Amino acid sequence: MRDLLQANGIALSVSIPNVPIREKWGKGVEFMLSCIAYSVGFGNIWKFPYTALENGGGAFLIPYLIVLFLIGRPIYYLEMVMGQFCSRGCVKIYDMAPIMRGVGVGQSLAMFVVMTYYTPVLAITLYYLISSFNAELPWSRCDPSWSRCIDSVSREFSNVNASQNMNVSAELFFTKTVMHRAPLAQGLGIPDMDLTLCLLASWLIVAIILIKGIRSTGKCAYFLAIFPYVIILILFVHSCTLEGASKGILFFLTPDWKQLFEPRVWMEAVTQCFFSLSICFGGIIAYSSFNNFSNNVYRDAMIISWLDTFTSIIVGCIVFGVLGNLAHVTNKDNIQDVVRQGPGLTFMAYPDAIAKFEYFPQLFSVLFFLMLFIVGIGSNLGVVTSIITAIRDRCPTLENWKVASVVSIVGFSLSTIYMAPGGLDLLDVFDNYGAKYVTLTFALFELITFGWIYGVDRICRDIQFMLNIDTNKFWRICWGILTPSVVFVILIGCLVDHKPVDVPEEYNIVGWCVYALAVIQLPLWAIYAICSQKKSGFVNKFKSAFKPTKSWGPENYHTREAYNLYLEKLKDSSDADDCSNVLKFVYRRVFK
């Protein structure tokens, strides 16, 4: 079909006099590396270890790998395809079905919540990076005021004997010196000045890169995507050689079959899958929208999704190897009792491992936290880019540097709250309600929109036209039936099995308000879409709101004309969108 269109003189590339205004990646490899820097980042190195620890190690790993295969990879490929096909961000892409535009708006709100707490984690990383230049790592030895403490560097007991519960100096340094941790019952407290300055520096770096546009992001991706793996492999080798490391790694790799029937574990596996691959937030759609129309996103999606899985497992082995070593030296039988769980785990386990390096611990500390800072920059770039893209798609006359500057200023102002002593507890609240629940909810509606309202058959035709690839039944079944069904079951199970975050009740109420604010976008934008239709009568307006807008399709005018001719050549039957025959509708939407 593509050859026929070209033979008739219809161009398919964007190298036509009518060049689209939208900026493009400099090279295809820059897109792939940027997606690696975005997807294989904080979700793997910061969030995955403490999520796995909180959910039973191996009991979490099995569901995580299953949902990566059945949910993660299909959604990742789908979002790449749709973003590249229409060159629209996560809100504008719902020109395919205007009545569902609230999905994109809700995902943008979730991404905004994530943006406010990803950069604070980046700031803490920068604090550790700067501290690593001291003559001796400040977390390697116990402060005299700390009781029940073991030096991370020497493993010598201090103040108490070995029979008592012990804490390593790396953990106490984080909780007492860095975060000045205090329970939320005592209030959030005042943001720490040193951490706030690190937060400011982090936001300035992100803003400077984004102000110059997507091409600047692509150039930075060469370093942001490749360098971290050098340090990850060094730490992996070292952690495996620690005494007692095998106990922690076995805990990570050995499943507790009873916990596989816990809905909470499956929910955490799905949400971690979303965080690891950064799907259903809008970032992948935004990045893909800057692609050239014929870029091979199938290849990119497979490479990145498998690399993400590999990275999560390697990082898990590193952290649990260290935890096994800590359990050995502190005489604790349960890995989960070694250190305090939660978002701060990475800043307890990794520093302790580095302090045990026999030679040049400062060098390895600088390299590690530089690596973590770099992957954090990559993750933050994707998060903020999706928000900027959604705004500029809606208001294309706004200059990129203005939008990037305003988003960065607002982001910095809101992020300072996490630099307070109770900030990490508040982070748990927003992570649970504003990211996990919102993402899971809108993932379901995104899949319904793409796979049922727009249709799997249409998606496969678009892929055939754009990439000249025949889509096999695995992808069709996942997009149309399996993936949305699994997400639906897990969402219902999680809502039924919901347990509030262990903080004062008013903070959970705030969390539910954030969730409600995101979900209410669905009916609000649906009403707006129906009222905006030019048809007469409510029924006609309602039906029209489910259909693509006239501008839907490839960004370039000539390519869109070629696409329309391609659809005419296919001679679709007139009942392609007839929902009266449910069985026929299901068959056409999924298997045709």
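Computed from a predicted model, the values in this text were never measured in an experiment.

Cut-offs and rules
- Residues numbered from 1 in each chain as written.
- Predicted model: local features only at pLDDT ≥ 70, side-chain atom pairs only at ≥ 80, totals over all residues.
- Heavy atoms only, no water.
- Salt bridge = Lys/Arg side-chain N within 4 Å of Asp/Glu carboxyl O.
- Helix = DSSP H or I, 4+ residues; strand = E, 2+ residues; numbered from the N terminus.
- Buried < 20%, exposed > 50% of the residue type's maximum accessible area, 1.4 Å probe, protein only.
- Axes fitted to C-alpha atoms, helices over the stretch in contact; angles between N-to-C directions.
- Parallel < 35°, antiparallel > 145°, perpendicular 65-115°, else oblique.
- Left-handed = near helix turned anticlockwise from the far one by under 90°.
- Contact = heavy atoms within 4.5 Å.
- Nonpolar A, V, L, I, M, F, W, Y, C, P; charged D, E, K, R; others polar.
- Disulfide = S-S within 2.5 Å.

Using the criterion set out here, one finds twelve salt bridges in the structure. Taking the shortest distance from any N to any O, the salt bridge between R141 and D151 comes out at 3.9 Å. Of this pair, R141 sits in the loop between α5 (101-131) and β1 (149-150) while D151 sits in the loop between β1 and β2 (157-158); the two residues are ten residues apart in sequence, bridging distant segments of the chain. Its salt-bridge partner being D457, residue R461 comes within 3.9 Å of it at the nearest N-O pair. On the criterion of helical spacing, the pair formed by R461 and D457 is a turn pair, its members being four residues apart in helix α16 (residues 423-467). On the accessibility criterion, D457 (4% relative accessible area) is buried. Residues joined in a network through salt bridges with shared partners are R88, K92, D95 and R101.

Turning to the packing of helix α3 (residues 42-54) against helix α4 (residues 58-86), a few remarks are in order. For the pair α3 and α4, the least separation of the axes is 7 Å and the interaxial angle reads 125°. On the basis of their axis angle, the class for α3 and α4 is oblique. Handedness of the crossing formed by α3 with α4: right-handed. On α4, the residues touching F48, T51 and A52 of α3 are F60, L61 and Y64. Of the residues in the contact of α3 with α4, the class split is five nonpolar, one polar and no charged.

A few words now on the state of the cysteines. Inspection of the entire model under this criterion finds one disulfide. Left unpaired, C317 is separated from the closest cysteine sulfur, that of C240, by 6.5 Å. A residue is classified by how much of its surface remains accessible, and C317, at 9% relative accessible area, is buried.

Two packed helices can be described by the angle between their axes and the distance between those axes. Where helix α7 (residues 193-211) meets helix α14 (residues 361-394), the closest approach of the two axes is 10 Å, and the angle between their N-to-C directions is 55°. Of the possible angle classes, the one that applies to α7 and α14 is oblique. Crossing hand, α7 versus α14: right-handed. Facing S202, W203, I205, V206, I209 and L210 of α7, the residues of α14 in contact are F373, I377, N380, L381, V384, T385 and I388. Looking at side-chain class alone, the contact of α7 with α14 contains ten nonpolar, three polar and no charged residues.

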